[in-house]
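Chain residues, written in single-letter form:
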Amino acid sequence: MEYTHVKHTFSPVYNEESRILILGSFPSVKSRENQFYYGHSQNRFWKLIAGIFNEPVPQTIEKKKDLLLTHQIAVWDVIDSCDIVGSSDSSIKNVVPNDMNVILSGADIQGIFANGGKAYQLFVKYCSKEGMPPLGKLPSTSPANAAWSLEHLTAEWKAAFGMYLEITE
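Conventions adopted
The residue count restarts for each chain, going from 1 along the sequence in the order it is written. Totals for whole chains, interfaces and linings use every residue, but because this is a predicted model, local features are given only for residues with pLDDT of at least 70 and side-chain atom pairs only at 80 or more, for both listing and counting. Excluded from the side-chain calculations are hydrogens and water; all other atoms, namely the structure's heavy atoms, are used. Each axis is a line fitted through C-alpha atoms, and for a helix only the stretch in contact is used; angles between axes span 0 to 180 degrees, taken between their N-to-C directions. Numbering of helices and strands starts at the N terminus; helices are DSSP runs of H or I of at least 4 residues and strands are runs of E of at least 2. Angles are sorted into four bins: roughly parallel if under 35 degrees, roughly antiparallel if over 145, roughly perpendicular if 65 to 115, and oblique for all others. Crossings are assigned a handedness: left-handed for a near helix turned anticlockwise from the far helix by less than a right angle, right-handed for a clockwise turn. We call two residues in contact whenever any of their non-hydrogen atoms come within 4.5 Å of each other. Think of it in three bands: residues with accessible area under 20% of the maximum for their type are buried, residues over 50% are exposed, and the middle band is partly exposed, with areas taken using a 1.4 Å probe on protein chains only. Strand pairing follows a simple DSSP-based rule, namely that at least 2 bridges must link the two strands. Taking the helix axis as origin, the arc is that swept by the directions to the C-beta atoms.

Let us look at the packing of helix 2 (residues 45-52) against helix 3 (residues 61-70). At a minimum axis distance of 11 Å, the contact between helix 2 and helix 3 shows a crossing angle of 45°. Judged by the inter-axis angle, helix 2 sits oblique to helix 3. You can see that helix 2 and helix 3 cross each other, and the crossing is left-handed. Contacts between helix 2 and helix 3 involve Phe45, Trp46, Ile49 and Ala50 on the former and, on the latter, Lys64, Leu67 and Leu68.

This part covers unusual backbone geometry. Look at Asn54: it is not a glycine, yet its phi comes out positive at around 50°. When you line up the elements, Asn54 lands in the loop between helix 2 and helix 3. Taking relative accessible area as the criterion, Asn54 reaches 54% and is therefore assigned exposed. Even without being a glycine, Gln72 presents a positive backbone phi close to 65°. Summarising the element assignment, Gln72 is placed in the loop between helix 3 and strand 3 (73-77).

To continue, consider the sheet that holds strand 4 (residues 79-84). In spatial order, the strands read 1-4-5; together these three strands make up an open sheet with antiparallel pairing. At either margin of the open sheet sits one strand with a lone partner, and together these are strand 1 (4-7) and strand 5 (93-97). Between one strand axis and the next, the sheet turns through 10° on average, direction left out of account. Of the pairings in the sheet, the one linking strand 4 to strand 5 comprises three bridges and is antiparallel in character.

Moving on to helix 3. All of the buried residues in helix 3 are Lys64, Leu67 and Leu68. Buried residues of helix 3 fall within an arc of 95° about the axis and therefore sit on the same side. Turned more than 90 degrees off the buried face of helix 3, the exposed positions are Lys63 and Thr70. Phi for Gln72, located one or two positions after helix 3, is positive at around 65°.

That's the geometry; what it means functionally is another story.
If you want it as structure tokens, here you go:
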């Protein structure tokens, strides 16, 4: 297994109306190839977000951005660059974090949610500052988190978002 130094090469998704920020750790190999978030076909992120809002699962980057922005969701990653083996979160080292003020100063973020334990751990270590919106840790949408069914994940994420977003049944 060989480490590669990799830089995050695509922009965060947000606008001034974004109310929650979802953070991953660092894009997978597939996401880096696709130049967009949660690009691995087995990652349940897009199915989960679409399910929360009773929307069709978006198939294009533009439709994915529209889904997020329509529902006041911002998405980014904790890490700007790091050394990593493939897509393995557990191999991440030599972290350079993203500057969260890019989004926090340009959007109305009320809550920050880490997509999984590694994103949470990295955010606390490198990004967390006094006065930031509250941070929550959500179960990962990664296929590696096989213990959580899509239905269970969706219910957990939906409950977490409920205090910040309008979600109709």
